[in-house]
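# An overview of the molecular structure
Listed below are the residues making up each chain.
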Amino acid sequence: MSTTDHLHRRIAAATGIVMASVLLSRLLGLFREWTVAHQIGSNSITDAYYAAFTLPDFLNYLIAGGSLSVTFIPVFAMYVAEKNEDEGWRAFSTVMSVMGVVLVVLVSLAEIFAPQLVRLIAPGFDPAERQRVIFLTRIMLPAQICFYEGSILSAVQYAKGQFVVPSLAPIIYNLGIILGGILLAPRIGITGFAVGVLGGAFLGNFLLQIYGAHRAGAKFSPTFNVRHAGFWMFLKLSIPIMLALSLSFVDDWIIRAFGSYLRAGSITWLTWGKTLMRVPLGLVGQAIGVASFPILAQLYSEKKFDELNKILNSTFRALIFILIPISALTIAQSLPLTYLAFSHTKLRGPDLASTAAALAVFSIGMFAWGAQNIFARGFYSTRDTITPAVVGTLTTVLSLPLYWLLVKRLDYLGLALASTLGIIVYTVLLFVLLNKRTRNPDSLNVFLFFLKMSAASCVVGLLCYHLTNYLENFIAWQKLGGAVLLLTIVSTAGLLLLAAALKILRVPELDTYLRRAYSFATRS
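Residues numbered from 1 in each chain as written. Predicted model: local features only at pLDDT ≥ 70, side-chain atom pairs only at ≥ 80, totals over all residues. Heavy atoms only, no water.

## Brief notes about the overall build of the protein
For the protein, the count of helices and strands is 23 helices and 0 strands. Taking 24 Å as the expected radius of gyration for a compact globule of 524 residues, we find that the protein reaches 23 Å, a close match to that expectation. Along the first, second and third principal axes, the C-alpha set of the protein runs to 65 × 60 × 45 Å. At a minimum sequence separation of 6, the contacts of the protein that also span at least 24 residues come to 85%. Taken as a whole, the protein presents about 22200 Å² of accessible surface, with 68% of it coming from carbon and sulfur. (Helix = DSSP H or I, 4+ residues; strand = E, 2+ residues; numbered from the N terminus. Rg over C-alpha atoms; globule rule 2.2 N^0.38 Å. Contact = heavy atoms within 4.5 Å. Areas by Shrake-Rupley, 256 points an atom, 1.4 Å probe, with all protein chains shown as cover.)

Structure (structure tokens):
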């Protein structure tokens, strides 16, 4: 077995672990939103709840907490490659200690100045709604300490090739929010969900990760040696992310800011539409990105650039092969999908139709949300966080007039469309620059594969859209059983049509992936 084949098997095994946890996490995330819809509905209260995530998320972003797995892993991988792991643990201890103190200070300041900050991030709310946002924000803010420390504890587990315990963090986090909603919301309303956010973060993202890091052999002792070379390398990689305003991170904040001026429920519809889109996206894009990144960082540290390109190409092809057809089928069946996801809640026809429309628009960019995850990690594996940061910031700044223009023309759907167009442009730029940086000889073939998959999926999606409209006349799709039946029939027909289209276009990956799937099924 060649080295590349061995690495593909390692990535496949890690991807399987992450995919299983991400699938469960995304389904729980969907059930989390269902619980909000069931307990509260869709109104100004839920808009305030979702807006309350903005300041905590920004704080986490400001100290690169959400990117620790891509900024610390290359540092640790460098020490492992140099056979100097003990020094890697010293860098780990310094980052944990120094940045932990910084975060405690920032959280304290955010608690004090929450009223002024909320006025900036949600300017369109009336005074009563703004007070609700401030109250919920203050409950959620301490969770960021758990997220940050948990992220670096997860990073060392990823670096050691251990994926199970970190993958449980979002599952427990979502369970915490669900239980908070079910147990507390009947008595204290939407506040119950905010309490669940704090509890889920503490248990899943902090306590459990302490156990996981200990199991991975982590060595921690409090130290504030800010002169440590590993700590400075970590800062060098993290600061561009801290200072950047990449659209992949700030899109939700922009949507909430503009959405605060729109009719009640707009932020909620957009949040739910994006959550539904993220179920397959997280299952494929996040799983492949998380699983492949430690190996990409290792290959770069070992200067195996040809193999790095092969891994990047194969992971992108796999992502496109899965996500683009799913995107087309999701757009074609957005309304029955939404009815299925939010059945037996307080939502009525207009709420469900608005959420379905948001889902359809967001799904156009599903492939880009998944691909940018891989391309950004391609840069990070080469210890370059500046390029994605600069490209992301420029894309965000140049997209702001587009958000403003489209929300004027298309109301809340304009925000979904601006988000989709922005992330596609950002992904294309990353693709071009990454292939130039790695001198990828197969970039043209990868692009042609993307065009073939897109063409086949667009035709199949259009046919499935008309089939869905036809079958809606005969199936009671507004009910749970009818929605399942309709989705099953149309999806099955869509997959068969796609297979035929790919055969006609002579896409060899179809046979390759089918053989792999058959081989995996027979081994299992």
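## Observations regarding the packing of aromatic side chains
Scanning the model with the defined rule gives 24 aromatic pairs in all. When the ring centre of Phe449 is taken as origin, the NZ or CZ atom of Arg317, which lies over that ring, is 5.4 Å away. (Phe/Tyr/Trp six-rings, centres within 6.5 Å; stacked < 30°, edge-to-face > 60°. Lys NZ or Arg CZ within 6 Å of the ring centre and 35° of its normal.)

## Focus on the nonpolar core
Tyr49 and Ile320 are the most contacted members of the largest nonpolar core, which has 112 residues in total. Ranked by the residues each element gives to this core, the list is headed by helix α15 (residues 305-332), at 12 residues. Every residue in contact with Tyr49, bar those within four places of it in the chain, is listed here: Val36, Leu136, Met140, Ile177, Ile190, Phe193, Ala194 and Val197. Within the second largest apolar cluster, 33 residues are counted, among which are Met96, Ala155, Leu237 and Met242. (Core = buried A, V, L, I, M, F, W, Y, C linked by side-chain atoms within 4.5 Å. Buried < 20%, exposed > 50% of the residue type's maximum accessible area, 1.4 Å probe, protein only.)

## Considering the environment of Pro186
Note that Pro186 resides in helix α10 (residues 164-188). Once the C-alpha coordinates of Pro186 and Gln39 are considered, the two residues, 147 residues apart in sequence, prove to be 7.5 Å apart.

## A few points about the pattern of salt bridges
Counted under the stated rule, the structure contains 13 salt bridges. Measuring nitrogen to oxygen at the nearest pair gives 2.5 Å for the salt bridge that ties Glu509 to Arg317. Residue Glu509 is found in helix α23 (residues 509-523), and its partner Arg317 is found in helix α15; the two are separated by 192 residues along the sequence. Both residues of the pair, Glu509 and Arg317, count as buried. A salt bridge links Asp511 to Lys503; the shortest N-O distance between them is 3.1 Å. (Salt bridge = Lys/Arg side-chain N within 4 Å of Asp/Glu carboxyl O.)

## Remarks on the packing of helix α18 (residues 366-381) against helix α20 (residues 412-438)
Between α18 and α20, the shortest axis-to-axis distance is 9 Å and the interhelical angle comes to 35 degrees. Classified by chirality, the crossing of α20 by α18 is left-handed. Residues Phe367, Ala368, Trp369, Ala371, Gln372, Phe375, Ala376, Gly378 and Phe379 of α18 lie in contact with α20, whose contacting residues are Ser419, Ile423, Ile424, Tyr426, Thr427, Leu430, Phe431, Leu433, Leu434 and Arg437. Among the residues making up the contact of α18 with α20, the classes are represented as 14 nonpolar, 4 polar and 1 charged. (Axes fitted to C-alpha atoms, helices over the stretch in contact; angles between N-to-C directions. Left-handed = near helix turned anticlockwise from the far one by under 90°. Nonpolar A, V, L, I, M, F, W, Y, C, P; charged D, E, K, R; others polar.)

## Brief notes about the environment of Leu496
Within the secondary structure layout, Leu496 lies in helix α22 (residues 480-504). Among the residues examined, Leu496 registers a relative accessible area of 60% and is labelled exposed. In this structure the C-alpha to C-alpha distance between Leu496 and Val460, which are 36 residues apart in sequence, comes to 9.4 Å.

## What about unusual backbone geometry?
Although it is not a glycine, Asp411 adopts a positive phi angle of roughly 60 degrees. Tracing the chain through its elements places Asp411 in the loop between α19 (386-410) and α20. For Asp411, a relative accessible area of 26% translates into the label partly exposed.

## Quick look at the packing of α15 against helix α21 (residues 443-471)
Interhelical geometry of α15 versus α21 gives an angle of 20 degrees and a closest axis separation of 7 Å. Of the possible angle classes, the one that applies to α15 and α21 is roughly parallel. In the packing of α15 onto α21, the handedness of the crossing is right-handed. Contacts between α15 and α21 involve Asn313, Phe316, Arg317, Ile320, Phe321, Ile324, Pro325, Ala328, Leu329 and Ala332 from the former and Asn445, Val446, Phe449, Phe450, Met453, Ser454, Ser457, Gly461, Cys464, Tyr465 and Thr468 from the latter. Classifying every residue of the contact of α15 with α21 gives 14 nonpolar, 6 polar and 1 charged. (Parallel < 35°, antiparallel > 145°, perpendicular 65-115°, else oblique.)

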